Amino acid sequence: MPRWPAALTEAGITDPTLRRAYDALRDQVRKYALHQYLAARLLLPPQLHASVVAMVAFMHETDERIDAGEVGARKEALSSWHREVRGALDAVPGPGAPASALLRALADTSRRCPHTAGRVHAFLDGALVEAEWTGFDGEADYQAYIDSYSLPALMLTMSLIAPAPKAGVDESFLHGCRALIEGWQRIDFLADLAEDAEQGRIGIAREELDRYGLTVEDLRNKSQACVPALGRLVDAQADLAETALTACRGLPDLVDAPYRPFLKALISLQVLHLQAVRRKGGSLLRGGARPSVPAALRILAQQYRAARSVRRPSR
């Protein structure tokens, strides 16, 4: 793994103020998205590391701003944040540049990778769905949430490694990303079930809860009587997540060789997380499920070896 200062230099980031901004974001991302951070740093070409960190930090900051409080307050927070971001992306580099490390880095990334500005705005437009979210009535609502919010969020980073558009390939890549995030989001909703239930909104449709004789109130109260039914519900939701992850298995084949180990690791880490969710089953009522750290490190090590072989000059 290249040293972080070297990765910044490879990306063409030489301004000391900008480098400090990216340094600050790197420290943050390592704390709340360690597996994704390690996957990017170990498996992607170094010139992409700073851009990935900026996009992950931006996505996290947006989610934090609109995740709590009443719907009206969340919508106002999103509107205010979108204005800030728009101003940062439109600003001319120089003394009037954004003050925050995140907005400085985001604006710099959008200048170095011009397509990312459109991805940023598409994500913020779709974030209204998250700001207004109070739960799903049915599966169709979940699928609409994926299309409006989760997929644009994923494409902030995936667009950095997307194949050059040619007949059929870009559409296949988007479909693969869509399958990946459908499974990924469902796994996250299951893993965060206890925490979300305390806030009175969960990522499992009410019609599915009804099917298993459950209510959000049951989950909020952590009623032990509902654990068997919840276990069956978790299994059914995990099956749907597994189907989605299976559908994205061909995604690495659509990108250039240097990016394939990263995508393979990303998919494998979600499979690992899904296994942890299945093992916990109805016990998710008492707390989340996280993938095994040793198993995650084995996946990263395996794909790191693959990445090194791709980058190694041929003789």
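Computed from a predicted model, the values in this text were never measured in an experiment. Residue positions are given per chain, counting from 1 as you read along its sequence in written order. With pLDDT at 70 or above as the cut-off, local features in this predicted model cover only qualifying residues; side-chain atom pairs require 80 or more to be listed or tallied, and sums for whole chains, interfaces and linings still use all residues. Calculated side-chain values reflect all of the structure's heavy atoms, with hydrogen atoms and water omitted.

## Things to note about the overall build of the protein chain
Argument step 1. On a plain count of helices and strands, the protein chain comes out with 15 helices and zero strands.
Argument step 2. Relative to its full complement of 315 residues, the protein chain shows a buried share of 50%.
Argument step 3. For the protein chain, the share of sequence-separated contacts (at least 6 apart) that also reach a separation of at least 24 residues comes to 71%.
Argument step 4. Of the roughly 14400 Å² that the protein chain leaves accessible, carbon and sulfur atoms contribute 52%.
Argument step 5. Residues counted as positive are Lys and Arg, residues counted as negative are Asp and Glu, and His and the chain ends are not counted. To locate a charge, take atom NZ for lysine, CZ for arginine, CG for aspartate or CD for glutamate. With 39 positive and 38 negative side-chain charges, the protein chain shows a spacing of 10 Å between the two charge centroids. Comment: elements are numbered from the N terminus, with helices defined as DSSP H or I runs of at least four residues and strands as E runs of at least two. Buried, partly exposed and exposed residues are distinguished by accessible area as a fraction of the type maximum, computed with a 1.4 Å probe on protein chains only: under 20%, between the cut-offs, and over 50%, respectively. What makes two residues a contact is simply this: any of their non-hydrogen atoms within 4.5 Å. Per-residue and other accessible areas were derived by the Shrake-Rupley procedure at a 1.4 Å probe size, with only the shown protein chains allowed to occlude residues.

## Some words on the packing of aromatic side chains
Argument step 1. Aromatic pairing here means that ring centres of Phe, Tyr or Trp (its six-membered ring) are within 6.5 Å. Orientation follows from the plane angle: under 30 degrees is stacked, over 60 is edge-to-face, and everything else is tilted. Summed over the entire model, instances satisfying the criterion amount to 12 aromatic pairs.
Argument step 2. Taken together, a centroid distance of 5.9 Å and an interplanar angle of 50° make the contact between W133 and Y145 tilted. Of this pair, W133 sits in the loop between α7 (115–131) and α8 (139–158) while Y145 sits in helix α8, and the two are 12 residues apart along the sequence. Taken as a pair, W133 and Y145 share a single burial class, namely buried.
Argument step 3. Pairwise contacts between aromatic rings join F58, W81, F123, W133, F136, Y142, Y145, Y149 and F189 into one cluster.

## A closer look at the side chain of S159
Argument step 1. Here S159 lies in the loop between α8 and α9 (169–191).
Argument step 2. By relative accessible area, which is 9% here, S159 ends up buried.
Argument step 3. Here a polar contact means two N or O atoms within 3.5 Å. Within protein one must be a hydrogen donor candidate and the other an acceptor candidate, and residues neighboring in sequence count only if both atoms are side-chain atoms. One polar contact links the side chain of S159 to the main-chain carbonyl oxygen of M155, over a distance of 2.9 Å.
Argument step 4. Setting aside its immediate chain neighbours within four residues, S159 contacts H115 and R119.

## Structural notes on the nonpolar core
Argument step 1. Residues belong to one nonpolar core when they are buried, are Ala, Val, Leu, Ile, Met, Phe, Trp, Tyr or Cys, and are joined through side-chain atoms within 4.5 Å. Y22, F58, V85, V120, M158, L180 and L219 are the most contacted members of the largest nonpolar core, which has 106 residues in total.
Argument step 2. Sequence-distant contacts of M158, that is, excluding residues within four places in its chain, are made with F173, C177, L180, L251, L263 and L266.

## Digging into helix α5 (residues 71–90)
Argument step 1. For a helix, the expected span equals 1.5 Å multiplied by the residue count minus one. The terminal C-alpha atoms of α5, which comprises 20 residues, lie 28 Å apart, in line with the 28 Å expected from a rise of 1.5 Å per residue.
Argument step 2. Elements that come into contact with the buried residues of α5 comprise α4 (49–66), α6 (101–112) and α7.

## Focus: the pattern of salt bridges
Argument step 1. Salt bridge, as used here, is a side-chain nitrogen of Lys or Arg placed within 4 Å of a carboxyl oxygen of Asp or Glu. Under the counting rule described, the total for this entry stands at 19 salt bridges.
Argument step 2. The salt bridge partner of D192 is R290, with a shortest N-O separation of 3.2 Å. Of the two residues, D192 is situated in the loop between α9 and α10 (193–198) and R290 in the loop between α14 (260–280) and α15 (293–311); the sequence distance between them amounts to 98 residues.
Argument step 3. Residue D192 is classed as partly exposed on the basis of its relative accessible area, which comes to 24%.
Argument step 4. Each of E139, D147, R178, E182 and R186 takes part in a single network of salt bridges with overlapping partners.

## With respect to the packing of α4 against α6
Argument step 1. Only the stretch in contact is used when fitting a helix axis, every axis being a line fitted to C-alpha atoms; angles between N-to-C directions are given from 0 to 180 degrees. The interhelical angle for the contact between α4 and α6, taken along N-to-C directions, is 130°, at an axis separation of 9 Å. Compared by their axis directions, α4 and α6 come out oblique. Read as a crossing pair, α4 and α6 show a hand that is left-handed. Contacts from A50, S51, A54, M55, A57, F58 and E61 of α4 reach α6 at L102, A105, L106, T109 and R112.
Argument step 2. Among the residues making up the contact of α4 with α6, the classes are represented as eight nonpolar, two polar and two charged. Here the angle decides the label: under 35 degrees means roughly parallel, over 145 means roughly antiparallel, 65 to 115 means roughly perpendicular, and every other value means oblique. Should the near helix be turned anticlockwise from the far one by less than a right angle, the crossing is termed left-handed; should it be turned clockwise, right-handed. Three residue categories are used. Nonpolar comprises Ala, Val, Leu, Ile, Met, Phe, Trp, Tyr, Cys and Pro, charged comprises Asp, Glu, Lys and Arg, and polar comprises the others, including Gly.

From the geometry alone we can't say anything about function, so treat these as descriptive.
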